[in-house]
Amino acid sequence: MKRIAAFTVFLFLNLTAWAETYTLYVSDQTGWSVFDLYAWGDSEAFGAWPGATSAPVVTRGGIRFKTYTYTANGSSMQLHLIFHNNVGEDLPGDERQLFTLTEPGDCYLKVTSTSVSRITPPDDQQDPGETQSGEWTIDNSTAISDDNRVIYELNLYDFTSAGTLAAAQARLTQLRKLGIDIIWLMPVFPRSVQGKIGTLGSPYAPKDYTSVNPAHGSVADLQAFVNAAHDLGMSVWLDWVPNHTGLDHTWVSAHPDYYVWENGSIKHPNDYGDVYQLNYSSTAMKNAMIDAMRYWVNTADIDGFRCDYASSPAIGSGFWTQATAALQNNDRNKRVEMLAEADFTDWNASSLLNAGFDYDYAWGYADALKSVGNGTSATNARNAAQNLLTQINSSYNHMSRMTYITNHDDIGDNFSHNYLSVLGSNVAPMTVMYFTFFGMPLLYNGQEIGQTAILNYFERNTINWNAVNTRIHNTIRTLVALKHTQPALADGPAGRRASTRLINTGNSSVIAYEKTKGDNVVLVVISLSDQPVSVTLPNVTAGAYTRVLDSQTITSGFAATPVTLTASPTISLPAKGYHVYTNAAVSDTPAQINPTYHIYVSDRTGWSTLDLYEWGEPNEIFGGWPGAVSAPNATLHGITWRDYTYTLSETTTAVQLHLIFHNNVGEDLPGDQRQLITITEPRDYYLIVTSSGITEYSPTSVNNQPACTTPRKYICRGQLYIQSNGHTYTAQGFLY
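First, a word on scope: everything that follows refers to the structure included in this document. Nothing here was measured: the structure is a model prediction, and the numbers come from that model.

### Thoughts on unusual backbone geometry
So, step 1. In this structure, aspartate 301 is a non-glycine residue whose phi angle is positive, near 65°.
So, step 2. With respect to the helices and strands, aspartate 301 occurs in the loop between helix H6 (283-300) and strand S18 (304-307).
So, step 3. Note on aspartate 301: relative accessible area 14%, which makes it buried.

Have a look at this one:
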């Protein structure tokens, strides 16, 4: 993005030229005890090495970012950033990640202990076209953690009429608006022709592990798709088929030893006539398989894999232990996530629990939810929930699970039915349950609009995106926003996930549960009865709540209703009804964004070095001591200032912040000089620092126009907004 170089604010607010100042937003998800940023480059944007080592924190779209402001000259740059644990180079525990900025502009980064990646800038202001109610918004939400993500399975042949990667790329903004975090692409490889089933053949009969199906496009098209998804803040996982290949896979003729042979012929696994069984006794084949997976990480920046039939007895856990570890050694220096198509609670898959996967299928849970059918009894759903809790508490301390009620395999015998025909009027209630009880929820190709076709993946079944079931669509939109914004809906390993308590409703048609993490509570009540019901819930956390999902109103659109719940509230639900309550709403509106202020310093000391150190209350706004030791320049009111930005909560009414401007030649050494100033309120400050003292500069007018008093700037969808003197102004006609 390009930032404002100069702008005029309409009405009575006028600002003169600004330097090219940008902000680097960093989401720290490393878990390091110390997190520092060092920088060097052709502009030394953060000052001379070591550069920016601390930064204030702001919240954008529910994500906390450390903010580093920098100034760059010209349209290009090369700025190298090292995010560092700072325990001492080459000492035990020393870790660092390198990232290079090649163009000036605001940049949002997510930094883990193994990688640095760009993410989509969260919105600072509500888009007028989005659904909102009070402080709530439900579109374009952003997950507050990796434990609050939603995954989407995408079949390219059905997702668009063209069936191409390029056409799917054009629809990525729709997935981002819905709130999708991970796109799982069904197999993109060329499909085998020999022995093929149906018009298209099976996506699970690959012909070449390192090519793209020409019907979908090219490797370059996949690279473009992944780049576009990354620009929108979404990850891309490939569907991987490790157990078998198609009959005309390139390996059949080049490496026949890669296959299992019986009676002079290559074996067909499970009597599937269109595929051949791979030989996992072959070290060469296993290495080739891992190399092919790593190829896509290195070449197309793939973020993870969904592994088909991971529990095949022909593969074994040893290969997966090897593969999940080996994939982390890649040219992208990123962590590759792994999802197994297996339920590790089954005896034939339990050996995979410690094989390095991040998620498995909560397969038994999904089947149990669908077993309620179109009936009125919630017994199976309640038993499924209790079983799931028992499983995750006993066996899943280090990983999480994917939950769903439909996917590409949900096609019945001979493509006779799907989850819609099985669940009937219970589809929406069971969607609420699998989304909120536990796990990373999966949405499948058109599920978000309630599309009704049975998607036979051997044929084309283009989704009609204009045929929308508004009850299902609005319910899912709301559920995604809830999953994203409520800590109480976090899944993940033990220690990060929320706690869950099933509630005895006294009604066999009603299931209720309370999710808790920290101070956040989410209460879910679901009825499968075909009649209106009222139930009293014992031992609920009493207090002020917002009902953010109501089956009676959701067809017409999202609505947030404040309610007060007692410790034993009575909840009334319509037939097949559901309510979701939360005690903590999340807002992306400007009023909820912590404002950023500036300390502008004019250096008139003549010192060879001028550094700023700080300490104070209620917090160290430039990070821990010593605080801000460098800053970019900004030209305001005809004066060149050093611009130190800081952020405080909007509820903050007073601060006591002590600033020391220091010659930095060594305490009490000859030439050491320092000046102390105390800031007592959150606002912009203009300070003139000399070798003998500090004065506060008060620009009262610029070109006979009123001065900009404590301006606050934010950008929403390409439009710059400035709040000053109790008003909001726009600066139109300028790029950012």
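From this point, the narrative continues.
### Remarks on the sheet that holds strand S25 (residues 520-527)
So, step 1. As summarised here, the arrangement of the six strands in space is S23-S24-S25-S30-S27-S28, forming an open sheet in which the pairing is antiparallel. Strands at the two margins of the open sheet, each flanked by one partner only, are strand S23 (499-503) and strand S28 (561-565). Put simply, the sheet's adjacent strands are angled 25° from each other on average, direction ignored.
So, step 2. Relative to strand S24 (residues 510-517), S23 is paired through five bridges, and the arrangement is antiparallel. When the sheet's bridge partners are listed, leucine 502 is paired in S24 with tyrosine 513.
So, step 3. Its contacts with the sheet place helix H9 (residues 379-395) against S23 and S24, and it is angled at close to 150° to S23.
So, step 4. Along the sheet, helix H11 (residues 427-436) makes contact with S24, S25, strand S27 (543-550) and strand S30 (578-582), crossing S25 at roughly 155°.

### Digging into the packing of aromatic side chains
So, step 1. Per the counting criterion, the structure on display carries 28 aromatic pairs.
So, step 2. Centre to centre, the rings of tyrosine 204 and tyrosine 457 are 6.0 Å apart; their planes meet at 70°, and the pair counts as edge-to-face. Taken together, the residues span a long stretch of sequence, with tyrosine 204 in the loop between strand S12 (182-185) and helix H4 (219-231) and tyrosine 457 in the loop between strand S22 (440-444) and helix H12 (470-485) at a distance of 253 residues.
So, step 3. Judged by its relative accessible area of 11%, tyrosine 457 falls in the buried class.
So, step 4. Judged by centre distance (5.5 Å) and plane angle (70°), the rings of tyrosine 361 and tyrosine 404 are edge-to-face. In this pair, tyrosine 361 is assigned in strand S20 (residues 359-361) and tyrosine 404 in the loop between strand S21 (400-403) and helix H10 (419-423), connecting sequence segments 43 residues apart.

### With respect to the packing of helix H8 (residues 363-370) against H9
So, step 1. Running from N to C, H8 and H9 cross one another at 165°; their axes reach a closest spacing of 8 Å. Taken together, the axes of H8 and H9 lie roughly antiparallel to each other. The crossing of H8 and H9 is left-handed. Contacts from Tyr365, Ala368 and Leu369 of H8 reach H9 at Asn380, Ala381, Ala384, Ala385 and Leu388.
So, step 2. Tallied by class, residues from the contact of H8 with H9 come to seven nonpolar, one polar and no charged.

Definitions and limits used
- Residues numbered from 1 in each chain as written.
- Predicted model: local features only at pLDDT ≥ 70, side-chain atom pairs only at ≥ 80, totals over all residues.
- Heavy atoms only, no water.
- Helix = DSSP H or I, 4+ residues; strand = E, 2+ residues; numbered from the N terminus.
- Buried < 20%, exposed > 50% of the residue type's maximum accessible area, 1.4 Å probe, protein only.
- Pairing = 2+ DSSP bridges.
- Axes fitted to C-alpha atoms, helices over the stretch in contact; angles between N-to-C directions.
- Contact = heavy atoms within 4.5 Å.
- Phe/Tyr/Trp six-rings, centres within 6.5 Å; stacked < 30°, edge-to-face > 60°.
- Parallel < 35°, antiparallel > 145°, perpendicular 65-115°, else oblique.
- Left-handed = near helix turned anticlockwise from the far one by under 90°.
- Nonpolar A, V, L, I, M, F, W, Y, C, P; charged D, E, K, R; others polar.

These results come straight from atomic positions and should not be treated as a statement about function.
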